[in-house]
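Here's the letter readout for the chains.
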Amino acid sequence: MSLNVANLSAYYGQSRVLWDLSLTAPRGGVVGVLGRNGAGKTTLLRSIAGLHRHVTGSVIANDVQICGWRADQVARQGVTLSREGGRLPGSLTVYDNLMLGRRLALGRGKPPRDLADVWKWFPLLEPLAGRAAALLSGGQRQALVLAVAFISNPTVLLLDEPSAGLAPPVARDLFSTIRELANHGLTVLVVEQAPAWLVGVADDCYLLEVGKVVDHGSLERLMHGIEHDINKARPVVS
């Protein structure tokens, strides 16, 4: 098991925002985390990645307990967080951002992926190698975020709303790449506000409400339940 979260609770001051949350993500799997805004999805990723450290419970990545570690320690353990909106050093070129990813791999004591592999997996980036990240489109920037993560050779990839702001064809290509990366052994935990993008991509899903897992299973079953709840909440017009 690449990622195992057990009884994870997170706090902001005295306020508890995650409640004894447990989930697993196997090697080579894509696991989705669904829920409304404010459900605690991003806090979950930040807690795993070490960006939010006021936590209790257990987070095991690659057989190592990392709960409460600093973000740099978590990254060296092979866990990479790609944040919503494709945040990257905008003044650096595509190539320079990829070189930062290579440095992260070396800091982990692992060989970085070859640049030729990056161009193979993300062909739209090769002709943009000399372009500043700030000048990329939303889809190009999100592809670069994934490419930087890919070249750093992680074992666990955490994705926060990868479809945000993307045109449908771009989002479709992005999720196809995510699925293929998982097929080659990467573990992916993805928070997504639009669950339809995970159809045919996610192996398993968790539904969060106010910081708790309220359901777990296939995406199709969870989406059916969400749609049923929405229909029940609609007013009856006579």
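So, here's what we can say about the structure. Everything numeric here is computed off the predicted structure, so don't read it as measured data.

**As for the nonpolar core**
Part 1: Within the largest apolar cluster, 40 residues are counted, with the highest numbers of intra-cluster contacts made by L98, F122 and V188.
Part 2: Ranked by residues supplied to this core, first place goes to helix α5 (residues 138-151) with 8 residues.
Part 3: If near-sequence neighbours (up to four positions away) are discounted, L98 is found in contact with L115, V118, W119, L144, A147, V148 and I151.

**Considering the layout of surface pockets**
Part 1: Its volume calculated, the largest pocket comes out at about 590 Å³.
Part 2: Looking at the largest pocket, it is lined by 22 residues, and the ones nearest its centre are T80, L81, R83, L104 and V148.
Part 3: Of all the secondary-structure elements, those providing two or more residues to the lining of the largest pocket are α2 (71-76), β6 (79-82), α3 (94-107) and α5.
Part 4: In the lining of the largest pocket, the residues fall into 14 nonpolar, 5 polar and 3 charged.

**Examining the side chain of K41**
Part 1: Position of K41 among the secondary structure elements: in helix α1 (residues 41-49).
Part 2: At 4.5 Å, E161 is the nearest oppositely charged side chain to K41, a buried residue that forms no salt bridge.
Part 3: Separated by 2.9 Å, the side chain of K41 and the backbone oxygen of R36 make a polar contact.

**Section: the sheet that holds strand β5 (residues 64-65)**
Part 1: Reading across from one edge, β2-β1-β4-β5 is the order of the 4 strands in this open sheet, with antiparallel pairing throughout. Two strands bound the open sheet, and with one partner strand each, they are β2 (15-25) and β5.
Part 2: Taken together, the 6 bridges between strand β1 (residues 3-12) and strand β4 (residues 55-61) define a ladder with antiparallel strand orientation. The residue bridging N4 from the neighbouring strand is I60, located in β4.
Part 3: α1 contacts β1, β2 and β4 of the sheet and is inclined by roughly 110 degrees relative to β1.

**Some remarks on the side chain of S9**
Part 1: With respect to the helices, strands and loops of the structure, S9 is situated in strand β1.
Part 2: Given a relative accessible area of 1%, S9 falls into the buried group.
Part 3: Within the structure, the side chain of S9 is placed 2.9 Å from the side chain of R16, a separation counted as a polar contact.
Part 4: In terms of polar contacts, S9 uses its side chain to reach the backbone amide nitrogen of D20, at 3.0 Å.
Part 5: Beyond its immediate stretch of four places on either side in the chain, S9 contacts R16, L18, W19, D20, H54, V55 and T56.

**A short note on the packing of α3 against α5**
Part 1: Where α3 meets α5, the closest approach of the two axes is 7 Å, and the angle between their N-to-C directions is 35 degrees. In the packing of α3 onto α5, the handedness of the crossing is right-handed. Counting all contacts with α3, which are made through V94, N97, L98, G101, R102 and A105, the residues of α5 involved are L144, A147, V148 and I151.
Part 2: For the contact of α3 with α5, the class distribution of residues is 7 nonpolar, 2 polar and 1 charged.

**Notes on the environment of D63**
Part 1: Looking at where D63 falls in the secondary structure, it is placed in the loop between β4 and β5.
Part 2: Between the C-alpha atom of D63 and that of L135, which follows or precedes it by 72 residues, the distance is 40 Å.

**A short note on the pairing of strand β8 (residues 187-191)**
Part 1: β8 sits mainly inside the fold: 5 of its 5 residues count as buried.
Part 2: Here β8 shows no split at all, with T187, L189 and V191 on one side and V188 and V190 on the other all buried.
Part 3: As paired elements, strand β3 (residues 30-34) and β8 share 4 bridges and run parallel to each other. The partner of V33 across the bridge, within β8, is V191.
Part 4: Sheet analysis places strand β7 (residues 156-160) next to β8, joined by 5 bridges and oriented parallel. If you follow L159 over to β8, its bridge partner there is V190.
Part 5: In this fold, β7 hands off to helix α6 (residues 168-183), which returns the chain to β8; that crossover is right-handed.

What counts and what doesn't
- Residues numbered from 1 in each chain as written.
- Predicted model: local features only at pLDDT ≥ 70, side-chain atom pairs only at ≥ 80, totals over all residues.
- Heavy atoms only, no water.
- Core = buried A, V, L, I, M, F, W, Y, C linked by side-chain atoms within 4.5 Å.
- Buried < 20%, exposed > 50% of the residue type's maximum accessible area, 1.4 Å probe, protein only.
- Helix = DSSP H or I, 4+ residues; strand = E, 2+ residues; numbered from the N terminus.
- Contact = heavy atoms within 4.5 Å.
- 1 Å grid on protein atoms, 1.4 Å probe; cavity = no way out; pocket = protein on both sides within 12 Å on 5 of 7 lines; lining within 4 Å.
- Points joined across faces, edges and corners; volume = space filled by probe spheres on them.
- Nonpolar A, V, L, I, M, F, W, Y, C, P; charged D, E, K, R; others polar.
- Lys, Arg positive; Asp, Glu negative; His and termini not counted.
- Salt bridge = Lys/Arg side-chain N within 4 Å of Asp/Glu carboxyl O.
- Polar contact = N/O pair within 3.5 Å; in protein donor to acceptor, adjacent residues only side chain to side chain.
- Pairing = 2+ DSSP bridges.
- Axes fitted to C-alpha atoms, helices over the stretch in contact; angles between N-to-C directions.
- Left-handed = near helix turned anticlockwise from the far one by under 90°.
- Right-handed = clockwise from strand over helix to strand, strands pointing away.

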